[in-house]
Every structure is written in structure tokens, then in C-alpha cells.
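Each chain, written out:
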Amino acid sequence: MSRPTVSFAKFAVPDAGVLVVFLAEDLALSPTAAAFDAKIGGTLARAVAKAAFKAKPFTTLDVVAPAGTELDRVILVGLGDPAKLTEKDWARLGGAVTAKLVEVKASAATVVVERADGAAVTAEEAADIGLGIRLRGWSFDAYKSKKKDDDAEPKTLKATLAVENPSAAKKAWGAREAVADGSDLTRDLICEPANVLGTEEFAKKAEKLEKLGVEVEVLGEKELKKAGWNALLGVAQGSKRPPRVVIMRWNGGEKDAAPIAFVGKGVVFDSGGISIKPAAGMEDMKGDMGGAAVVTGLMHALAARKAKVNVVGAIGLVENMPDAGAQRPGDIVTSLSGQTIEVINTDAEGRLVLCDVLWHVKEEIKPAFIVDLATLTGAILVALGKLNGGLFANDDTLANRITAAGLATGETVWRMPLSPDYDKLIDSTWADMKNTGGRDAGSITAAQFLKRFVGDVPWAHLDIAGTAMGSPATELNKGWTSGWGVRLLDRLVADHYEGK
Ligand code: BES
Ligand code: MN
Ligand code: ZN
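One structure accompanies this document, and this report is about it. Since we're looking at a predicted model, the values are computed, not measured.

1. A word on the coordination of the manganese ion (ligand 2)
Ideal geometry at a metal centre: 109.5 degrees between donors when four sit tetrahedrally, and 90 or 180 degrees when six sit octahedrally.
Okay, step 1: Coordination sphere of the manganese ion (ligand 2), protein contribution only: D270 (OD), D347 (O), D347 (OD) and E349 (OE), at 2.1 to 2.2 Å.
Okay, step 2: Classification of the site at the manganese ion (ligand 2) rests on its 6 donor atoms, whose angles at the metal span 71 to 168 degrees, yielding the label irregular.
Okay, step 3: All donors of the manganese ion (ligand 2) belong to a single chain; written as a sequence motif, their spacing is D-x76-D-x1-E.
Okay, step 4: The metal-metal distance between the manganese ion (ligand 2) and the zinc ion (ligand 3) comes to 3.2 Å, with D270 coordinating both. Note that D270 is positioned in strand β9 (residues 260-270) and D347 in the loop between β12 (340-342) and α10 (350-365), a separation of 77 residues in sequence.

This is how it looks when you write it as C-alpha cells:
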């Protein structure tokens, strides 16, 4: 299915097609649905009773060809207690609607957006439903050859949200649509296999943001060599794919305001290099550019909604491969910062890529703060699983703002420690530091490594090895990748950095 379309119309119950209405846990239909049901002789109330439907949040009951109507079906969606629904729940509700519509192969539906307790659904909440409808409608089937006709999904899903004030809802929808588009881009990039999406191909995708008014600069191998990005180049040297660094700039804020910066790890495939990974699950390492994909999708979202902020997105794109020319354990590289690094394990490559990008951003862009995202360590998966991103920061305000944005959007983070005692674990006998600190505290020593390249700039590091991929299916997401981070950081920007 191509992405669903969301539109808003004046409140009404259609005569034909598919109708979606909400039901509260006390089994009260929304006022409009209740009036409609009275008119058709209580068909819906009977269906609810006979199916023993409890209207738990995000559950659905499908009433096919209800008597007394010309409708194909009425889908009842449980709200639980409507007074308890938060912003992210309205989105989940929208997601549940899409999931059900796809399941029953509907290509269009009217959703009557009305709380069952009669209280008004705000324009923002209606738009959040739209966001959920869009997010759950994303799928990646570019490489599935055609299905048999009889089980083909409809090509499109047109969702019309019937609301009290369509123009207000439409206005609120604009920004959500931008975020949905950004999230779709992130997920497409993460899913794309590495034989198709190499470093150059990724850079080309980023260049497409120029259409939205983003300035995109691509640094190639020659420039990187000349400037001395040796830590990043060391990772890239075992691959046929040349490294790329992409700098994306969106200038939506005051002319002289320092930009905020987002940095992403873009390892298009991580075999481990000479310290090669075991075979099981290695295919998932096509998603090791997840940080770069989030930064790119975020830049898309911010530009598409014309965010009033100056923002720079910087991504380091390399492939980590074993080869006769590949970097070896024991090699010592001089990073762009001048600090030297002993490469203990070529599979700890993400920090080698990020350290040069972070240093470049700090020195050349002079941002107000930096947030980096990276599928950096398996250890963060051990610590937090797939349900929280690992947050490390040298600045409490930034950390607290990210934490709050996580709670609002549902893309939650958990803060992890940094301290000089952990930092000692990466001191090296031969160089200024080594690229691994052993098994213990693996995510923390990785973060300590990055910290050595940001100086005094307020900085937060999100280790997204657990959240970028292998994601569980939820109301908002069919599975494997949710685009985690796009909504979180869009929210961070919207809440604090757009000088309203
Ligand atoms: N890309 C991996 C981390 C990863 C693991 C991401 C699982 C997603 C799922 C990273 O480059 C890596 O290999 N890290 C090593 C570091 C170690 C060698 C110090 C790890 O976590 O094992
Ligand atoms: Mn690795
Ligand atoms: Zn990696």
C-alpha cells in the first residue's frame, strides 16, 4: 500500500462506505454515533453486546454490512477512558484505525472524530489521530514482487477525519504531516539493503532535501583526506564504497542565531571489519546507518514544516568491511582533532566515524548544542532493550528536555552516567585513547570516547542500537523499524528552539 492520505471534513456520518466511530469503556458510543445507531434501530449497540466488546483502548470491533444502512461496515474503536488519553494515545488510536482498515482491505473510510463522553476532541488531538494513521500505514515492500490478485491489498487508503472544525484541524495537521513524511524517509533508508543503499546513494538521497530548501553539502574522499578525517577514513578503507560526509543546513531562524546540530552515524553496512561479526543476525547491520537516517528524516520534517530554527544535520557515511586494505587491530590513527586513537577492535567503528564528524561540527559550525544519534553498542540493548534510547549528556538542561520530549511522544530515553572514572577505561598504552574499553560498561565507555571530541559544547548522545531496528510491532509501527528519534527530536526543537 502506498502511504495513506489524511483529510479533514465537516462532521457528518456518511451514507455509504466504511465508517469508523469511537466507543468508551462504559460502552457509550460518541453522541453522533449514538444518534446514528438510534436511527438504525440499535444495530451497533446489539453488536457490541453480542460480541462482548469491552472497548479497551485501541481494540476494534468490525460490524459488517450493518442492518438498516448502506454502509460496507462500521468499525468501532475502543477508547478506554477518553479523559485519560494523552497526545501519544490519540496517535496510537489513529494507528489502530489504519491497522484495522488494512486488515479488512478498505481503501477509504470516514472516521468520526468525537469523544464518547461528548467532550470536544481538539484540533491538535484530531491531527494526532492523522499522524497515527500515517505512521501505521508505512510499509516497505519495494522488493516484494506482485501478490496474487485475490489477496492484494488496496493500493491506497484515504482516511477522511470528520471533525467539528476542519480548518483548525488542517492547520494542526500540516506539522504532523511533515513529521510523518520525515519518519517515512527515515524508515525507508533504514530498510533499504546495503547493496542498494551505499554511501554515495545515501548522500544522493540527502541531496533531495534541497527541494525543501535545505542546503546540502557533500564532502568526498579527497577533501576528507586533505583535512585529516583519518579516524573516519580508517573505517572506510576496507570498502569499495568511498566515504561521504553530508552537511545539511536548514536556516529557518534568525539570521545570526547559532544553529543547533544533529549528528548521525551512517555505517551503511557493519560487518565488523577485520574483527568480523558472527554470521547470525549480521543482516541487520544494513541498519547501522540508523543515526544518519534519523538526522536526514528529521531535517526533512523540520524543513517541510518550515521550522523557525537554524539547524545543521551532519552525517558520516562509510561501510565497514574486511579487506586486504582494511584497517587492523593495533593500528593507530590521528583523528581530525589531532587526538590519536589505537584501534583495538575494528567493530567499534561507529565512534571512529562520529569523532571526526563531531569535531568538525564543533569547530566549523559552532553550534548552540549537538545531539548525536548512533546505533553504537550492543551493550545498550542489554541494558535497556528496545524500549528506551540510551541518553548520555554533558548538560542537564539538554538532557532533561530530551527526556521530556520522549515522554510526550512515546519515544522515551533513559539517562546513563558519564564520569572521569569511566573515562580512564579508554586510556591507551600507545596512543591518546583506545577505541574500546572492554566488556564492562560498553555503552558508557563508547560515550566517554565521543565526549572527548565535543569540548565544552552542550552535547547529548543517543545510543539507538536498541531502538533503531528490530523494533516490536505497535499501533504506530508494523515492525522492524519505527523511525525512532524523528518525533522525539522534532518535539525537542518545537518545544524549546523555535522562539515563538
Ligand atoms: N553497530 C554495532 C552496534 C549494534 C549492535 C547495533 C547490535 C545494533 C545492534 C557497533 O558498531 C558495534 O559493533 N559495537 C560493538 C562494540 C564493541 C566491539 C566494543 C558491540 O557493541 O559489540
Ligand atoms: Mn561495529
Ligand atoms: Zn556499527
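2. Brief notes about the coordination of the zinc ion (ligand 3)
Okay, step 1: Within the protein, the atoms that donate to the zinc ion (ligand 3) are K265 (NZ), D270 (OD), D288 (OD) and E349 (OE), at distances of 2.0 to 2.4 Å.
Okay, step 2: Metal-centred angles of 78 to 173 degrees between the 6 donor atoms at the zinc ion (ligand 3) mark the site as octahedral.
Okay, step 3: The sequence pattern formed by the donor residues of the zinc ion (ligand 3) is K-x4-D-x17-D-x60-E.

3. Digging into the sheet that holds strand β8 (residues 244-251)
Paired through their backbone hydrogen bonds, the strands of a sheet run either parallel or antiparallel.
Okay, step 1: With mixed pairing, the 8 strands of this open sheet are ordered in space as β7-β8-β10-β9-β13-β17-β14-β15. Here the strands that pair on one side only, and so sit at the sheet edges, are β7 (215-219) and β15 (413-415). Strand after strand, the sheet turns through a mean of 20 degrees between neighbouring axes, direction not considered.
Okay, step 2: Both strand β14 (residues 389-393) and strand β17 (residues 459-463) contribute to a ladder of 4 bridges, which runs antiparallel. In the strand pairing of β17, A393 is matched with A460.
Okay, step 3: Together, β9, β13 (370-374), β15 and β17 form the strand contacts of helix α15 (residues 486-496), whose direction differs from that of β9 by roughly 170 degrees.

4. Comments concerning the site of ligand 1
Okay, step 1: For ligand 1, the set of nearby residues contains 17 residues, the closest of which are K277, D288, D347, E349 and G378.
Okay, step 2: At the level of secondary structure, the elements contributing two or more residues to the shell around ligand 1 comprise β9 and α11 (378-384).

5. A word on the packing of aromatic side chains
Okay, step 1: Applying the stated criterion to the full structure yields 5 aromatic pairs.
Okay, step 2: For the pair F140 and Y143, a centre-to-centre distance of 5.9 Å together with 45 degrees between the ring planes defines the contact as tilted.
Okay, step 3: Centre to centre, the rings of F262 and F369 are 6.2 Å apart; their planes meet at 85 degrees, and the pair counts as edge-to-face. Residue F262 is located in strand β9, and its partner F369 is located in the loop between α10 and β13; the two are separated by 107 residues in the primary sequence.

6. Considering helix α12 (residues 396-409)
Each α-helix turn comprises 3.6 residues. Residues three or four places apart therefore point the same way.
Okay, step 1: Along its 14 residues, α12 runs 20 Å from first to last C-alpha, staying within 8% of the 20 Å computed at 1.5 Å per residue.
Okay, step 2: Looking only at α12, the buried set comprises L398, A399, I402, A405, G406 and T409. The buried residues of α12 occupy an angular sector of 125 degrees when the element is viewed end-on, so they sit on one face. Every exposed residue of α12 that faces more than 90 degrees away from the buried side is listed here: N400 and L407.
Okay, step 3: In the core, the buried residues of α12 are packed alongside α3 (87-103), β13, β14, β15, β17 and α15.
Okay, step 4: Where α12 starts, the residue carrying a side-chain oxygen 3.2 Å from the main-chain nitrogen of T397 turns out to be D395.
Okay, step 5: With its phi angle positive at about 90 degrees, G410 sits one or two positions after the end of α12.

7. Looking at the nonpolar core
Okay, step 1: Core analysis: the biggest nonpolar cluster contains 51 residues, and M248, F262, V371, I402, L462 and L489 have the highest contact counts within it.
Okay, step 2: Residue contributions to this core peak at 8 residues, all from helix α9 (residues 290-304).
Okay, step 3: Residue contacts for L489: discarding those within four places in its chain leaves F262, L298, V371, L373 and L462.
Okay, step 4: By size, the runner-up hydrophobic cluster in this structure holds 41 residues, among which are V20, A96, V113 and W173.

8. Focus: a positive patch on the surface
Okay, step 1: Taken together, K105, K144, K147 and K478 make up a surface patch of like positive charges.
Okay, step 2: Tracing the sequence through the fold places K478 in the loop between β17 and α15.

9. Some thoughts on the sheet that holds strand β4 (residues 70-78)
Okay, step 1: With mixed pairing, 6 strands are arranged side by side in an open sheet as β1-β6-β5-β2-β4-β3. Edge positions in the sheet fall to β1 (5-10) and β3 (60-64), since each of these pairs with one other strand and no more. Pairwise comparison of adjacent strand axes, ignoring direction, gives a mean angle of 25 degrees for this sheet.
Okay, step 2: Relative to strand β5 (residues 108-112), strand β2 (residues 16-23) runs parallel, the two being bridged by 2 bridges. Bridged to L19 within β5 is T110.
Okay, step 3: Docked against the sheet, α3 engages β2, β3, β4 and β5, running at close to 140 degrees with respect to β4.
Okay, step 4: Taken strand by strand, helix α4 (residues 123-136) contacts β1, β2 and β6 (158-163), and its axis lies near 170 degrees from that of β6.

10. Notes on the side chain of R115
Okay, step 1: Summarising the element assignment, R115 is placed in the loop between β5 and α4.
Okay, step 2: Judged by its relative accessible area of 13%, R115 falls in the buried class.
Okay, step 3: A distance of 2.7 Å separates polar atoms of two side chains, one belonging to R115 and the other to D117.
Okay, step 4: Non-local contacts of R115, meaning those with residues more than four positions away in its chain, are made with S30, P31, L79, P82, A83, W90, A120 and V121.

11. Looking at the pattern of salt bridges
Okay, step 1: Applying the stated rule across the entire model yields 31 salt bridges.
Okay, step 2: Between K225 and E221 there is a salt bridge whose closest N-O contact spans 3.7 Å. Linking K225 with E221, this pair stays in helix α7 (residues 221-227), spanning 4 residues, or about one helical turn.
Okay, step 3: Residues joined by salt bridges that share partners form a network here, namely R3, R134, D181, D184 and R187.

12. A word on the pairing of β13
Okay, step 1: With respect to burial, β13 is a largely interior element, 5 of its 5 residues being buried.
Okay, step 2: Here β13 shows no split at all, with I370, D372 and A374 on one side and V371 and L373 on the other all buried.
Okay, step 3: When β9 meets β13, the two strands line up parallel, connected through 4 bridges. Pairing of V263 across the sheet is with D372, part of β13.
Okay, step 4: In terms of strand pairing, β13 meets β17 through 5 bridges, oriented parallel. By the bridge assignment, D372 is partnered in β17 with H461.

The rules behind each value
In every chain, residue numbers begin from 1 and rise along the written sequence. Labels follow written order: the first chain is A, the first ligand is 1, and so on. Two thresholds apply to this predicted model, a pLDDT of at least 70 for residue-level local features and 80 or more for giving and counting side-chain atom pairs, whereas whole-chain, interface and lining totals are computed over all residues. For side-chain calculations, the full set of non-hydrogen atoms in the structure is used, while hydrogens and water are omitted. Sites may look incomplete, because water is not among the atoms used; the donor set itself consists of N, O and S atoms within 2.8 Å of the metal (3.2 Å for Na, K and Ca). All geometry calls rest on donor angles, where a four-donor set with angles between 85 and 135 degrees is tetrahedral, four- and six-donor sets with opposite donors more than 155 degrees apart and all others between 65 and 115 are square planar and octahedral, and all else is irregular. The helix count covers DSSP runs of H or I at least four residues long, the strand count covers runs of E at least two residues long, and both are numbered beginning at the N terminus. Should DSSP find at least two bridges between two strands, the strands are regarded as paired. Orientation is described by axes fitted as lines to C-alpha atoms, over the contacting stretch for helices, and by angles from 0 to 180 degrees between their N-to-C directions. Working rule for contacts: check all heavy atoms of both residues, and any pair within 4.5 Å makes them a contact. Note on definitions. A residue lies near a molecule or strand when any single heavy atom of the residue is within 4 Å of it. A pair of aromatic rings is counted whenever rings of Phe, Tyr or Trp (Trp by its six-membered ring) have centres within 6.5 Å, and the orientation is called stacked for planes under 30 degrees apart, edge-to-face for over 60 and tilted otherwise. Expected span, for any helix, means 1.5 Å times one less than how many residues it has. The cut-offs for exposure are 20% and 50% of the maximum accessible area for each residue type, with area from a 1.4 Å probe on protein chains only; residues under the lower value are buried, those over the upper are exposed, and the others partly exposed. What the arc describes is the spread of directions from the helix axis to the C-beta atoms. For this analysis, a polar contact is any N or O atom pair within 3.5 Å, provided that within protein one partner can donate a hydrogen and the other can accept it, and provided that sequence-adjacent residues contribute only side-chain to side-chain pairs. Throughout, nonpolar core names a set of buried Ala, Val, Leu, Ile, Met, Phe, Trp, Tyr and Cys residues whose side chains join them through atoms within 4.5 Å. Patch criteria: residues need more than 30% relative accessible area and no salt bridge. Like-charged residues are merged within 9 Å; nonpolar side chains of Val, Leu, Ile, Met, Phe, Trp and Tyr are merged within 5 Å. Computed with the Shrake-Rupley method and a 1.4 Å probe, the accessible areas treat only the protein chains shown as cover for residues. For this document, the term salt bridge refers to a Lys or Arg side-chain nitrogen within 4 Å of an Asp or Glu carboxyl oxygen. Counting rule applied: Lys, Arg positive; Asp, Glu negative; His and chain ends not counted. Where a charge lies is defined by one atom per residue type: Lys uses NZ, Arg uses CZ, Asp uses CG and Glu uses CD.

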